[in-house]
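Report on the structure
Each chain, written out:
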Amino acid sequence: MSDTSHVSTLAHKATPDHFPQWVLFCAAGFIAFSLISVGLVRITGNGPDQKAAAPTMQRSLVFQDHHDGGVRVEDGVSGDTLVVLHGEQGFVRGALRALTRERYSRGIGSTAPFELIARVDGRVTLFDPSTGQRVDLESFGPTNAAEFTRFFAMKPD
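If you're wondering where the values come from, they're calculated on a predicted model, not measured in any experiment.

Let us look at the confidence of the model for the protein. Predicted confidence across the protein gives a mean pLDDT of 80, with 82% of residues reaching 70 or more. The least confident element of the protein, judged by mean pLDDT, is helix α1 (residues 2–13) at 55; the most confident is strand β4 (residues 114–119) at 90.

Dropping the structure here:
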């Protein structure tokens, strides 16, 4: 008989844990508010990444792989060679790789120029008018952005 009274005492003392429901409601409200806010920003086009500042400088550039492994940078208007980049040129190649991959998937060749755009707010953008793709170069740091901004001042060889 003593075993039965011990079991009933344990069963009686065990109560389920109660998590406060207000915490769940607050979390659900926060998630709903976040989703609605992001949706409204995207729909209205008022996001910081969607409205570009006015351009201050713009230059058309064509990047061609050179026979010795370098990258020839040409003026997109005149076709004159500005410079041939030798060596790794990691950031320049990486930024171009992302844009040229999209071109090749659409069957667009490498002869169409890219637009290098400096903006009033200090941003520098590499834009591909043939695909609508862009790379905001300043987001990779000032050193990497400077790899492209030097093309604004270059004169043909």
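What follows deals with the environment of T143. Relative to the helices and strands, T143 resides in helix α4 (residues 142–153). Sequence-wise, T143 and F91 are 52 residues apart; in three dimensions their C-alpha atoms are separated by 9.8 Å.

Direction of pairing for strand β2 (residues 71–75) relative to strand β3 (residues 81–85): antiparallel, over a ladder of 4 bridges. Across the sheet, residue V73 finds its bridge partner in β3, namely V83.

Okay, the pattern of salt bridges next. A side chain with one charge may pair with a side chain of the opposite charge, provided their charged atoms come close. The final tally for this structure, using the stated rule, is 7 salt bridges. A salt bridge links R106 to E102, with the shortest nitrogen-to-oxygen separation between them at 2.8 Å. Looking at R106, the relative accessible area reads 44%, which means it is partly exposed. By relative accessible area, which is 23% here, E102 ends up partly exposed.

All right, on to a nonpolar patch on the surface then. Taken together, F30, I31 and L35 make up a surface patch of nonpolar side chains, about 360 Å² in accessible area. Mapping I31 onto the fold places it in helix α2 (residues 21–44).

Let us look at the packing of aromatic side chains. Inspection of every chain in the model, using the stated rule, returns 6 aromatic pairs. Ring geometry for F63 and F148: centres 6.3 Å apart, planes at 75°, overall edge-to-face. Placement of the pair is F63 in strand β1 (residues 55–65) and F148 in helix α4, with a sequence separation of 85 residues. Overall, F63 belongs to the buried group, its relative accessible area being 8%. Note on F148: relative accessible area 0%, which makes it buried. Between F63 and F151 the ring centres are 6.0 Å apart and the planes differ by 65°, which places this aromatic pair in the edge-to-face class. Placement of the pair is F63 in strand β1 and F151 in helix α4, with a sequence separation of 88 residues. Grouping aromatic residues by their ring pairs yields a cluster made of F63, F91, F114, F140, F148 and F151. Over the face of the ring belonging to F114 we find R103, whose NZ or CZ atom lies 3.9 Å from the ring centre.

Criteria and thresholds
- Residues numbered from 1 in each chain as written.
- Predicted model: local features only at pLDDT ≥ 70, side-chain atom pairs only at ≥ 80, totals over all residues.
- Heavy atoms only, no water.
- pLDDT = per-residue confidence, 0-100.
- Helix = DSSP H or I, 4+ residues; strand = E, 2+ residues; numbered from the N terminus.
- Pairing = 2+ DSSP bridges.
- Salt bridge = Lys/Arg side-chain N within 4 Å of Asp/Glu carboxyl O.
- Buried < 20%, exposed > 50% of the residue type's maximum accessible area, 1.4 Å probe, protein only.
- Patch = residues over 30% accessible without salt bridge, like charges linked within 9 Å, V, L, I, M, F, W, Y side chains within 5 Å.
- Areas by Shrake-Rupley, 256 points an atom, 1.4 Å probe, with all protein chains shown as cover.
- Phe/Tyr/Trp six-rings, centres within 6.5 Å; stacked < 30°, edge-to-face > 60°.
- Lys NZ or Arg CZ within 6 Å of the ring centre and 35° of its normal.

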